[in-house]
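Next come the chains, spelled out residue by residue.
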Amino acid sequence: MVFMRALTVDLARAGSLSISELPDPVPGPEDLLVEGLAIGICGTDREIVRGEFGTGGTLVIGHESLGRVISGPGFAPGSLVAGVVRRPDPVPCVACARGEFDMCRNGQYTERGITGLDGYGSTLWTVPAAYAVGVSSSTGVLVEPLSVVVKAWERLDQLALFPFESVLITGAGPIGLLAALIGVQRGLDVHVHDLASDGPKPDLVESLGATYHRELPDHQVVIEATGAPKLVAQLLGRELVCLTGVPSTEVVPVDIGQANRDLVLRNGIVFGTVNSNVRHYQEAAAVLDRADDAWVSSLITRRVPLESCAEAFETRPGDVKVVLEL
């Protein structure tokens, strides 16, 4: 039997991250067999490794994927691909029945590397061709977080009550910077708020052609990408706010009456969004193709080899995006 190497976690034990040898996957007739090249590391991955997320047995982690096709339908061998994370629930709910599994209403979906399905953190993986998206370069490892931002912009377009020419992004992490990238590509006046005074974030914002702020500006259309409860509380009365961050549990005093009043009198909308569908991955790949490759590459501030995998889950000063190379 041939064995691949995989990044595994025992969900019942904190600190159980390890490199395991597992049997090579066997692709079905509709599957691609893919050589795993890299995974991106995000906050969810760090929570899983710390034992703060998920239940059950051993899971191959990694949901931000990049791989090279070995064989399978619809893609030429050697093509670079990223795998979609979520799968519809088996019931299915009204959203999954319509193909909108990223909007699942009953919570019975599964997700590669997160909930119920092994992820892409292995030297070989399979994926149904229908859940694979072609990418053109190694920056394709950013397609999954970018797909989440594509969906956020899609929902902004659906819900906006008025045309807007300016947008505020709160947070200059990967999600915030990728949101800013799309705003710039749309020709908007883009403003990014973050607390960092040094490191790569201010330069990344300014080299994109956006404006960097350490104080919170008074823009009315906002994509919130930090999940910081105190910041979210400050944004509740604005006209159109998209929440993408998942906050920690923190009690924050909020004048709900004032927030309610502001939302009603402004016809305001505050909404949350998470995950993405195949079309969002496809548009994310197109966004990367239109972007300056040097700028996109500079978002990846640390690359870590598989043998040093524990280092990829550390949070270090100056980190924007960490990629684990398989």
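Our structure is the block above this text.
Residues numbered from 1 in each chain as written. Predicted model: local features only at pLDDT ≥ 70, side-chain atom pairs only at ≥ 80, totals over all residues. Heavy atoms only, no water.

1. A few points about the sheet that holds strand E4 (residues 58-60)
For step 1, the next point in the chain: Ordered in space as E2-E1-E4, the 3 strands form an open sheet in which the pairing is antiparallel. Both edges of this open sheet fall to strand E2 (18-23) and E4, since each of them pairs with a single strand only. If you compare each strand with its neighbour and ignore which way they point, the axes differ by 55° on average.
For step 2, the next point in the chain: As defined by bridge partners, strand E1 (residues 3-10) adjoins E4 across 3 bridges and the pair is classed as antiparallel. Pairing of threonine 8 across the sheet is with valine 60, part of E4. (Pairing = 2+ DSSP bridges. Helix = DSSP H or I, 4+ residues; strand = E, 2+ residues; numbered from the N terminus. Axes fitted to C-alpha atoms, helices over the stretch in contact; angles between N-to-C directions.)

2. Thoughts on the sheet that holds strand E14 (residues 211-213)
For step 1, the next point in the chain: On the basis of which strands lie adjacent, the open sheet formed by 6 strands has the order E14-E13-E12-E15-E16-E17 and parallel pairing. Each edge of the open sheet carries a strand with a single partner, namely E14 and strand E17 (269-272). Strand-to-strand twist in this sheet, taken as the mean axis angle between neighbours without regard to direction, amounts to 20°.
For step 2, the next point in the chain: Note that strand E12 (residues 166-170) and strand E15 (residues 221-224) share 3 bridges and pair parallel. Of the residues in E15, the one forming a bridge with threonine 170 is glutamate 224.
For step 3, the next point in the chain: Lying on the sheet, helix H3 (residues 143-159) is in contact with E12, E15, strand E16 (240-243) and E17; it crosses E17 at an angle near 150°.
For step 4, the next point in the chain: On the sheet, helix H5 (residues 200-208) packs against strand E13 (189-193) and E14 and is oriented at approximately 150° with respect to E14. (Contact = heavy atoms within 4.5 Å.)

3. Re the layout of surface pockets
For step 1, the next point in the chain: In this model, the second largest pocket occupies a volume close to 190 Å³.
For step 2, the next point in the chain: Along the wall of the second largest pocket there are 13 residues; nearest its centre are Ala95, Arg98, Glu100, Met103 and Arg279.
For step 3, the next point in the chain: Breaking the lining of the second largest pocket down by element, the ones donating at least two residues are helix H2 (94-97), H3 and helix H8 (278-290).
For step 4, the next point in the chain: It is H3 that provides the largest number of residues to the lining of the second largest pocket, a total of 4 residues.
For step 5, the next point in the chain: Partitioning the lining of the second largest pocket into residue classes produces 3 nonpolar, 2 polar and 8 charged. (1 Å grid on protein atoms, 1.4 Å probe; cavity = no way out; pocket = protein on both sides within 12 Å on 5 of 7 lines; lining within 4 Å. Points joined across faces, edges and corners; volume = space filled by probe spheres on them. Nonpolar A, V, L, I, M, F, W, Y, C, P; charged D, E, K, R; others polar.)

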